[in-house]
Amino acid sequence: GSVVGAALVFPARQLASAFSDDPPRVPPFSVPLSIPPVLKPTRSTADTDYYDMRIAETDLEILPGIRTRTLTFNGSFPGPTIRARRGRAAVVRQVNGLPGPATVHLHGADVLPSSDGHPMDPIAPGQARVYRYPNDQRAATLWYHDHTHHLEGEQVYRGLSGAYLLSDPVDALLPLPGGEFDVPLVLRDAKFDSRGQLVFVPDDFMNRPTILVNGRPQPYFEVKRKLYRLRLINGSNLEVFRFRLSTGATFLQIASDGGFLRVPAVRQEIDLWPAERVEVLVDFRSVPQGTAIALQNVAALSENKRDILQFRVGGGGPWSKSESVIPDWNRARIPLAPGRIPGWPANDPLRGNVTRTRRFVLRLDLASGQFVINDKGFDPDRVDATIEHGSTEIWEIVNDDAALGIQHTMHLHLVQFRVLDRNGRPEPAYDSYPKDTVRLFPGDVVRIQATFDSHLGRYPFHCHFLDHATHSMMGQFEVVPRR
Ligand code: C2O
Ligand code: CU
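Residues numbered from 1 in each chain as written. Chains lettered and ligands numbered in written order. Predicted model: local features only at pLDDT ≥ 70, side-chain atom pairs only at ≥ 80, totals over all residues.

We quote the UniProt Sequence similarities (unreviewed entry) comment for the protein here in full: "Belongs to the multicopper oxidase family." (UniProt positions renumbered as here; feature names shortened; annotations may be inferred.)

This is the structure we're talking about:
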């Protein structure tokens, strides 16, 4: 009896530890924010900057005092920031140091199919691949991430993403904060086990209790009493944010996914779902020194995920109470508010007659457990939409998961689109254009309009809850020569 008993005790204990695997506790706002390094070109010519990156498994510190196994670009979690300029190409050579395949997609970029990082176009282990980014588009906060077939969910989750900030002459002319006052914030969901290792369970949105900002759990950020340009990138697989400042202060939103808004928008709360970006100005100039202001997610499903980041204004302390500071963006000396952004095209950038309307229905297929579009999972050999070059289309996208309460998004490679309406009502301008990813609340019907006038070839479109895209909420469109 005792032998059998002993044999049972050991697994039982293992089982117990598996179920009580609370991650090491990190007190809120106890670690400083980090800013990913800006990647330096290895060489530059008159019109091109050349970069080298290496994708590899890396052990590094995310939780204080603990080494966590991650996947990184150049050992950085998230990856290093690329700062590119319109009119100068960026050529990035990626070496895949992983034991399996990897691809790199530059999200929001207008690039040839050969540089798009298509899921079926991987870099084999030990091999290198050169991606060419022409940077022939408006200034925008883009981001790069892995896109390997059936692995993008896990590989992005383990760390393969980074910011790509494209500037242009318009951007350079605007009186916007630069240098240390222009800050990318890559936010993402994570779950750690009791040893501080990342746990990936597909579609695990209820169980990812930690939000990382630039790879740090609930960090604090010491800011000066200045105006800041924050570039918020939702790099989560599943987490949705509704941002708010704890003081009730407003954001001035200046850009959406694909670049500047026509007119900046004063926002109290900002929705940001996976893969979406906003650029906002936050004004700390009249905030008393020693004030603490939290960036909060009022859509958080649990209290511990509500506070994301703490701004500590102007040095000193005590960082306890926050005072109500509501900047008056109309009076603030920001010449671009509330007027039009100079340089914004006078004409509607999406011209042309709509040649075609398509409908895509997104839902979870309970029978197969797959996420499907028009009843089909991703098939790399199937083209779901053949589009004549130069044409403008309207896509009606339906989230058919009202009953299950599942959220989806729709992301198209290659193009920036306009969100025309949501459930028949016009989308607010700040969420309408330029967009490459659109939110779909359960039951939503959203219409987008896009013009396919750049490259020919095959590109994916998919839900950007990456755990859904991975299995298998993805299709392909192909732009073909005009007949
Ligand atoms: Cu960030 Cu295919 O996408
Ligand atoms: Cu989805």
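1. Comments concerning the overall build of the protein
From N to C terminus, the protein includes four helices and 32 strands. When burial is assessed residue by residue, the protein has 47% of its 483 residues classed as buried. Excluding contacts between residues fewer than 6 apart, the proportion of contacts in the protein whose partners are at least 24 apart in sequence is 77%. (Helix = DSSP H or I, 4+ residues; strand = E, 2+ residues; numbered from the N terminus. Buried ≥ 20, exposed ≤ 12 C-beta atoms within 10 Å, placed from the backbone. Contact = placed C-beta atoms within 7 Å.)

2. A look at the pairing of strand 23 (residues 370-373)
One ladder, built from four bridges, connects strand 22 (residues 354-365) with strand 23; its direction is antiparallel. Residue Leu-364 lies in a different strand from strand 23, and its bridge partner there is Phe-371. Here strand 22 folds back onto strand 23, and the loop between the two strands holds four residues, one of which, Gly-369, carries a positive phi near 75°. (Pairing = 2+ DSSP bridges.)

3. Topic: the sheet that holds strand 22
Strand order in the open sheet made by the six strands is 23-22-25-30-27-28, with mixed pairing throughout. Strands at the two margins of the open sheet, each flanked by one partner only, are strand 23 and strand 28 (425-426). Here two bridges tie strand 27 (residues 418-422) to strand 28, and the two strands are oriented antiparallel to one another. Looking across to strand 28, one finds that Asp-421 is bridged to Pro-426.

4. Brief notes about the pairing of strand 20 (residues 292-297)
Burial of strand 20 is extensive: six of the six residues sit out of reach of the surface. Relative to strand 20, strand 15 (residues 241-245) runs antiparallel, the two sharing three bridges. The partner of Arg-244 across the bridge, within strand 20, is Gln-296. Bridge analysis of strand 20 against strand 21 (residues 307-313) gives five bridges, and the strand direction is antiparallel. Following the sheet pairing, Leu-295 is matched in strand 21 by Leu-309.

5. Here we look at the sheet that holds strand 21
Pairing is mixed in the open sheet, where five strands are placed in the order 13-21-20-15-18. Single-partner strands in this sheet number two, and they are strand 13 (220-223) and strand 18 (270-272). Neighbour-to-neighbour, the strand axes of the sheet open up by a mean angle of 25°, direction not taken into account. The pairing of strand 13 with strand 21 spans four bridges and is classified as parallel. (Axes fitted to C-alpha atoms, helices over the stretch in contact; angles between N-to-C directions.)

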